[in-house]
Amino acid sequence: MNFTDELVQWYLNNKRDLPWRNTTDPYVIWLSEIILQQTRVEQGMPYFYRFLEKYPNVSSFAAAHEDEILKLWQGLGYYSRGRNMLKTAQLVQELHSGRFPDSYDELIKLKGIGEYTAAAIASFAANEAKAVVDGNVYRVLARYLGIYEPINSTGGKKTFQKVADDFLNKKFPGLHNQAMMEFGAMLCKPKNPNCGICPIRAGCVAFKTNAVATLPVKLKTVKVRERFFNYFLITEGDTILMNKRGDKDIWANMFDLPMTETDTLLTVEELLKQPEISAVFGNSIKVIEVSPVHKHILTHQRLFVRLIKIEKQPLKMHQNWVKISVQNLHELALPKIIFILLKNIFNL
DNA sequence: ATCCGGGACT
DNA sequence: AGTCCCGGAT
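Reading the values: the criteria
- Residues numbered from 1 in each chain as written.
- Chains lettered and ligands numbered in written order.
- Predicted model: local features only at pLDDT ≥ 70, side-chain atom pairs only at ≥ 80, totals over all residues.
- Heavy atoms only, no water.
- Near = heavy atom within 4 Å.
- Polar contact = N/O pair within 3.5 Å; in protein donor to acceptor, adjacent residues only side chain to side chain.
- Helix = DSSP H or I, 4+ residues; strand = E, 2+ residues; numbered from the N terminus.
- UniProt positions renumbered as here; feature names shortened; annotations may be inferred.
- Phe/Tyr/Trp six-rings, centres within 6.5 Å; stacked < 30°, edge-to-face > 60°.
- Buried < 20%, exposed > 50% of the residue type's maximum accessible area, 1.4 Å probe, protein only.
- Lys NZ or Arg CZ within 6 Å of the ring centre and 35° of its normal.
- Contact = heavy atoms within 4.5 Å.
- Nonpolar A, V, L, I, M, F, W, Y, C, P; charged D, E, K, R; others polar.

This part takes up the protein's contact with DNA strand B. Around DNA strand B, a shell composed of 17 residues is seen, among which Q38, G112, G114, T117 and G135 lie nearest. For DNA strand B, the backbone makes up 59% of the atoms found within 4 Å of the protein, where backbone means sugar plus phosphate. One nitrogen or oxygen atom from the side chain of K111 is found 3.4 Å from a phosphate oxygen belonging to DNA strand B. Elements with a minimum of two residues in the surface near DNA strand B: α8 (115–126) and α9 (135–145). The greatest single-element share of the surface near DNA strand B, amounting to three residues, is contributed by α8.

Okay, structure coming up:
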């Protein structure tokens, strides 16, 4: 047997008996699919029953008030799903006279229905040959075929959609889609998949190469840290006070200017009240000029940088500080943003 | 306490 | 690319 036949066979023997299966009513399937987005079956189940009881058809749903929908949705999270459902129900009422569409091309136009949900409803309700690609499908295909392209990259999404389309059982697309997802949810799980009893492990690249735990590959969504750099421009004659950076942080061992980092954007007045600033520059700091705040993007940091020109005070020199003439600035390794800030002032 | 999984919209 | 949310796993 081939891949899809094995999976369908497995599905028929192992599927859970879920209330939204064994119906071809696109409204009921829609209800279940939206509720199950980003939601586990056990958590979504009671909501599915409540919604179906209160709104047995799309017309009753369309007549609801948004407050009612959100109240009924309470606790499920991603509340835009509920708001989009109401819009879609009203749209179906107007455009399709209350008959919920079951073709991919009509479904995809509706609010809150993307590629996955359109393919799911169209294939389950009308056996349209559209392959679903959800988290389960990504995982099953990545492992079985040994695809290392990240599933959350733009190219990866294209690749996996194409592979899923190629593998789709064109005779029984609904059954095939259900089987792929149920297999991923029940057997080919993210953690501790049951490879020991897997019917397709003989053809599974990940199983054969011991890569089940590493697939699928997902790009780390590096959470971006925000930092606020307040630089001080202090000149004396044609010299400028520069700072050689340490070797731990960004721009290791390069040159910038004396600065104070804050974790919020302070006004200049607030900034100058910071004790570590008066400790160095004294209490009567005269601000001559303040640059706009420049946003500088790094891989995992967002820097908000500004340059504050102050009148020279008798100051306590830091050991990493150096006075350098403006003519010699070009000899120092300057981070891009520092170069920009200085260039604006000195026409470097 | 922190991380992870999961579709669609903007 | 960032944002929306929660529950289960670690």
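Next comes the rest of the account.
Turning to the UniProt feature "domain: HhH-GPD" (unreviewed entry) in chain A, a few remarks are in order. In this numbering, the UniProt entry assigns the feature "domain: HhH-GPD" (unreviewed entry) to residues 35–186. Segment residues 35–186 splits into 66% helix and 0% strand. End C-alpha atoms: 19 Å apart.

In the structure shown here, the tally under the stated rule is 16 aromatic pairs. Where W30 meets F100, the ring centres are 4.9 Å apart and the plane angle is 35°; that geometry is what we call tilted. Of this pair, W30 sits in helix α2 (residues 26–36) while F100 sits in the loop between α6 (80–95) and α7 (104–107), and the two are 70 residues apart along the sequence. A single burial state applies to W30 and to F100, both of which are buried. Directly above the ring of Y104 sits K130, whose terminal nitrogen or CZ lies 4.5 Å from the centroid.

Of all eleven residues that make up α2, eleven are buried, and the element is covered over most of its length. Where the residues of α2 are buried, they touch α3 (41–54), α4 (58–62), α5 (66–73), α6 and α8. For α2, the N-terminal capping position is held by D25, with its side-chain oxygen 2.9 Å away from the main-chain nitrogen of Y27. Just past α2, the residue Q38 takes up positive phi, approximately 55°.

Before going further, it helps to examine the protein's contact with DNA strand C. Q43, G75, G77, Y78 and Y79 are the nearest of the eight residues found near DNA strand C. Here the atoms of DNA strand C within 4 Å of the protein split so that 50% fall in sugar or phosphate, with bases taking the remainder. Within the backbone of G75, a nitrogen or oxygen atom sits 3.5 Å from a sugar or linking oxygen of DNA strand C. Y78 is positioned such that a nitrogen or oxygen atom in its side chain is 3.1 Å from a base nitrogen of DNA strand C. Taken together, the residues of the surface near DNA strand C sort by class into four nonpolar, three polar and one charged.

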